Amino acid sequence: LSYSALKSHMTLARRARSEPVVHEAVCAGRIGREAALLVGRVATPKTVDAWVARAQERTIKLLNEEVKAA
């Protein structure tokens, strides 16, 4: 496991505690780890469901652009 992969796993684990909806989506296989990291950057408790739904429908590239725009 590389250092950067370890950092991203740790970041995802920390965000899973604060945003359980994202954690559930990853565990259920609805979104991947990269999408979860992107969603975790911008999602708030009020918007997390919408961001998870958006992550399910979009490619990582498009989701990344939307996160940057937000």
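Data block above holds the structure.
Quick summary incoming for the structure in this document. (Residues numbered from 1 in each chain as written. Predicted model: local features only at pLDDT ≥ 70, side-chain atom pairs only at ≥ 80, totals over all residues. Heavy atoms only, no water.)

## Some details on the packing of helix α3 (residues 33-42) against helix α4 (residues 48-57)
Inference 1: Running from N to C, α3 and α4 point in directions that differ by 150 degrees, and their axes come no closer than 10 Å. Here α4 runs roughly antiparallel to α3, going by the angle between their axes. Where α3 crosses over α4, the two elements pack in a sense that is right-handed. Facing α3, whose interface residues are Ala35, Val39 and Val42, α4 presents Trp51, Val52 and Ala55.
Inference 2: Broken down by class, the residue content of the contact of α3 with α4 amounts to six nonpolar, no polar and no charged. (Axes fitted to C-alpha atoms, helices over the stretch in contact; angles between N-to-C directions. Helix = DSSP H or I, 4+ residues; strand = E, 2+ residues; numbered from the N terminus. Parallel < 35°, antiparallel > 145°, perpendicular 65-115°, else oblique. Left-handed = near helix turned anticlockwise from the far one by under 90°. Contact = heavy atoms within 4.5 Å. Nonpolar A, V, L, I, M, F, W, Y, C, P; charged D, E, K, R; others polar.)

## Thoughts on the packing of helix α1 (residues 3-18) against α3
Inference 1: Where α1 meets α3, the closest approach of the two axes is 10 Å, and the angle between their N-to-C directions is 55 degrees. Considering their axes alone, α1 and α3 lie oblique with respect to each other. Viewed along their axes, α1 and α3 form a crossing whose handedness is left-handed. Here α1 contributes Ser8, His9, Thr11, Leu12 and Arg15 to the contact with α3, which in turn contributes Arg33, Ala36, Leu37, Gly40 and Arg41.
Inference 2: Classifying every residue of the contact of α1 with α3 gives three nonpolar, four polar and three charged.

## Some points on a nonpolar patch on the surface
Inference 1: On the surface, Leu1, Tyr3, Leu6 and Met10 cluster together to form a nonpolar patch covering roughly 490 Å² of accessible area.
Inference 2: Mapped onto the secondary structure, Tyr3 falls in helix α1. (Patch = residues over 30% accessible without salt bridge, like charges linked within 9 Å, V, L, I, M, F, W, Y side chains within 5 Å. Areas by Shrake-Rupley, 256 points an atom, 1.4 Å probe, with all protein chains shown as cover. Salt bridge = Lys/Arg side-chain N within 4 Å of Asp/Glu carboxyl O.)

## Overview of helix α5 (residues 60-69)
Inference 1: Residues of α5 that are buried: Leu63, Glu66 and Val67. Along the long axis of α5, the arc covered by the buried residues comes to 100 degrees, so they all point the same way. Opposite the buried face of α5, at more than 90 degrees from it, the exposed residues are Lys61, Lys68 and Ala69. (Buried < 20%, exposed > 50% of the residue type's maximum accessible area, 1.4 Å probe, protein only. Arc of directions from axis to C-beta.)

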